[in-house]
Amino acid sequence: MSQQELLAQVRDWAIWDDTYEFIEGNYPGYTDTNFSQQMFEEMRYQLMAFFDAEGDVHFLAGLNPATSQYQTCYTVERECRWMSVLIRTMQTSIKEDPEQGKSSLYAGTTPLMVASNPILRTDESGPPQGWLFKVRPMDDAWLSIIEDYTGLPTTLSMEQGGSNNDTTITISGNTIKAQRYLAVYPNNEHIVLGTQLNRTSYLASLETFRYVLLWTVCLMLLVIGLVLLLLERIILTPLRALTQFTQQASVDIKGSSNLLRRGDEIGLLARAFQEQFKHQQQLNAELIELSTHDPLTGLPNRRLFDQRLREVINIALTTDQPVSVMMIDIDHFKLFNDHYGHPEGDKCLQRVAQTMHDIATAHGFFIARTGGEEFSAMLPATTTTQAMEKSQALSHAIDQLKYPHPKSPVASYVTVSIGISQLHVEGVMTPSGLMTAADQALYAAKAAGRHCAKVYARSLANEPFSSHNTLP
Ligand SMILES: Nc1nc2c(ncn2[C@@H]2O[C@H](COP(=O)(O)OP(=O)(O)OP(=O)(O)O)[C@@H](O)[C@H]2O)c(=O)[nH]1
């Protein structure tokens, strides 16, 4: 119902190839196709006026406000005479401003809303072939539409002379009166659009509005708070727990059982991580086992032995306790292999290793396979005298196996020779020196006919040795 809406409608018609051709005189059926009384009534138009490029009337159609009769004419004569004042005002407007494309209010029996636009092709190319004007009456029907729209009683009146104010608001008693002054073309007149409000009901509705607004804000804050709380409980807290769970890369994090029991995606993810951790832990354990143990006998290997020896020596240095080592070698094992073959030699190594492991466990020392048929034992808090006793227990246990070794010049079964040394005794000062000394003692045992144990003494220092020592 606004001027802008009417302007959009007139533009729609004026910038259209059909209208352009009609004004050029090339579209004889245009009026029959596009105009009807029904269209005027539905669109609430009083008049549509087409002017040619010279500003002369080309075609007119309208509803006579006095008779409500629909009329079409090519001149302002006879039944269209009622349009003449309006047409003259439009022609004045064209002369003043050929650009048009505007809307104005005109005075009349009832005030009129008028919108106009130059006639162009659909693609808006020119030159303008003329002008189209549309007129809508601001009558009682128009007022009642405004009242329906605003919910306020509205009045419309004409007023002579200018007004300094666009809008005036006056309060008298319990009534607020608002008036809007709208200039009329081309006269020095104004249309006054007015409404009045009951002050008490206005203030009451204002109060109600404030009250509703306050409640809406409170409700929104409550909803936002609830959403944040749910977000924290359902998503953020479990996500933090999951992050902690994954960062620690462990299946035993505190509170992880709740996480793992969850039925949602976070629970799924946590269980997948748990499986992954377990698998990883298993792989790590396997890798550690492989890198620190001998695959044939299952005993710790030289790497683990050297590492443990360093640790035990470090402790012994601070506590001033003795540390002894034994180097154990199977006698004439080459002859065993030559006689029975390598696979049988492996079985023998496994059997001897198992026996030594059992004795080491029983006597509280650490044993490792440090060479082919060579083993080393590390005895914390043990002197050479005590180590000698344990070596005898070891040798005795292997003898008891009575593992056949028919080619051995020493005995008919598998026997071992053992070399023993102690840190800080007989000039042995370093981990490497300790192992070298045990090796030399072992050499001495071999030289003494094998199947015996020897303790290192300085006098053995120049004897050759097998050099299996890897410690620095
Ligand atoms: N079956 C088997 N034999 C091995 C393994 N590692 C080393 N040997 C053998 O152990 C033998 C060691 O021979 P030598 O160093 O001459 O020592 P020995 O025959 O025991 O002689 P002495 O030590 O002087 O009594 C060699 O025949 C190696 O092949 C192994 O893993 N399995």
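In this text the structure is predicted, and so the values were computed from the model without any measurement.

A. Representation of the environment of His-357 in the model. When you line up the elements, His-357 lands in helix α12 (residues 342-363). On the basis of neighbour counts, which here come to 19 C-beta atoms within 10 Å, the residue His-357 falls in the partly exposed class. The spatial distance from the C-alpha of His-357 to the C-alpha of Ala-368 is 8.4 Å, given a sequence separation of eleven residues. When neighbours within four sequence positions are excluded, His-357 is seen to be in contact with Leu-299 and Ile-367.

B. How the structure looks around the UniProt feature "transmembrane region" (unreviewed entry) in the chain. Per the UniProt record, "transmembrane region" (unreviewed entry) is annotated on residues 211-231. As a span, residues 211-231 carries 100% helix and 0% strand, and end to end its C-alpha atoms are 30 Å apart.

C. Spotlight on the pairing of strand β13 (residues 374-380). With five of seven residues buried, β13 is to be regarded as a mostly interior element. Here seven bridges tie strand β11 (residues 323-330) to β13, and the two strands are oriented antiparallel to one another. By the bridge assignment for β13, Ile-328 is matched with Phe-375. Inspection of the sheet shows strand β12 (residues 366-369) paired to β13 by four bridges, in the antiparallel sense. The residue bridging Ile-367 from the neighbouring strand is Ala-377, located in β13. Between β12 and β13, which pair antiparallel one after the other, the connecting turn spans four residues.

D. Molecular detail of the site of the ligand. The immediate surroundings of the ligand are formed by 16 residues, with Phe-333, Lys-334, Gly-345, Gly-372 and Glu-373 found nearest. At four residues, the largest contribution of residues to the shell around the ligand is made by α12. Residue composition of the shell around the ligand, by class: four nonpolar, five polar and seven charged.

E. Focus on helix α10 (residues 302-319). The end-to-end C-alpha distance of α10, which contains 18 residues, comes to 25 Å, matching closely the 26 Å that a straight helix rising 1.5 Å per residue would cover. Among the residues of α10, those classed as buried are Phe-305, Asp-306, Leu-309 and Val-312. Taken around the axis of α10, the buried residues stretch over an arc of 135°, which confines them to a single face. Away from its buried face, by an angle of more than 90 degrees, α10 presents the exposed residues Gln-307, Glu-311, Asn-314 and Thr-318. Where α10 ends, the next residue or the one after it, Asp-320, has phi of about 60°, a positive value.

F. A look at the packing of helix α7 (residues 199-248) against helix α9 (residues 265-292). Two elements in contact, α7 and α9, have axes whose closest approach is 11 Å; the angle formed by their N-to-C orientations is 5°. Relative to α9, the element α7 lies roughly parallel. Here Pro-238, Leu-239, Leu-242, Phe-245 and Thr-246 of α7 come into contact with α9, specifically with Ile-266, Leu-269, Ala-270 and Phe-273. Of the residues that constitute the contact of α7 with α9, the class distribution is eight nonpolar, one polar and no charged.

G. A look at the nonpolar core. If you look at the biggest cluster of nonpolar residues, it comprises 48 residues, and the most contacted ones within it are Ala-377, Ala-438 and Ala-441. Those residues in contact with Ala-441 that sit more than four places away from it in its chain are Gly-419, Ile-420, Ser-421, Lys-454, Val-455, Tyr-456 and Leu-460. Residues Ile-23, Cys-80, Ala-115 and Phe-133 belong to the second largest nonpolar core, which totals 33 residues.

H. Inspection of the sheet that holds strand β14 (residues 416-422) at higher detail. Judged by pairing direction, the sheet is mixed, and its five strands sit side by side in the order β12-β13-β11-β14-β15 without closing on themselves. A strand with exactly one partner marks an edge of an open sheet, and here the two such strands are β12 and β15 (453-455). Sheet twist, expressed as the average angle between the axes of neighbouring strands with direction ignored, equals 20°. As paired elements, β11 and β14 share seven bridges and run antiparallel to each other. Across the sheet, residue Ile-330 finds its bridge partner in β14, namely Val-416. Running over the sheet, α10 touches β11, β12 and β13 and is turned about 20° from β13.

Here is what the cut-offs are and how they apply
- Residues numbered from 1 in each chain as written.
- Predicted model: local features only at pLDDT ≥ 70, side-chain atom pairs only at ≥ 80, totals over all residues.
- Helix = DSSP H or I, 4+ residues; strand = E, 2+ residues; numbered from the N terminus.
- Buried ≥ 20, exposed ≤ 12 C-beta atoms within 10 Å, placed from the backbone.
- Contact = placed C-beta atoms within 7 Å.
- UniProt positions renumbered as here; feature names shortened; annotations may be inferred.
- Pairing = 2+ DSSP bridges.
- Near = placed C-beta within 6 Å.
- Nonpolar A, V, L, I, M, F, W, Y, C, P; charged D, E, K, R; others polar.
- Expected span 1.5 Å × (residues − 1).
- Arc of directions from axis to C-beta.
- Axes fitted to C-alpha atoms, helices over the stretch in contact; angles between N-to-C directions.
- Parallel < 35°, antiparallel > 145°, perpendicular 65-115°, else oblique.
- Core = buried A, V, L, I, M, F, W, Y, C linked by C-beta atoms within 7 Å.

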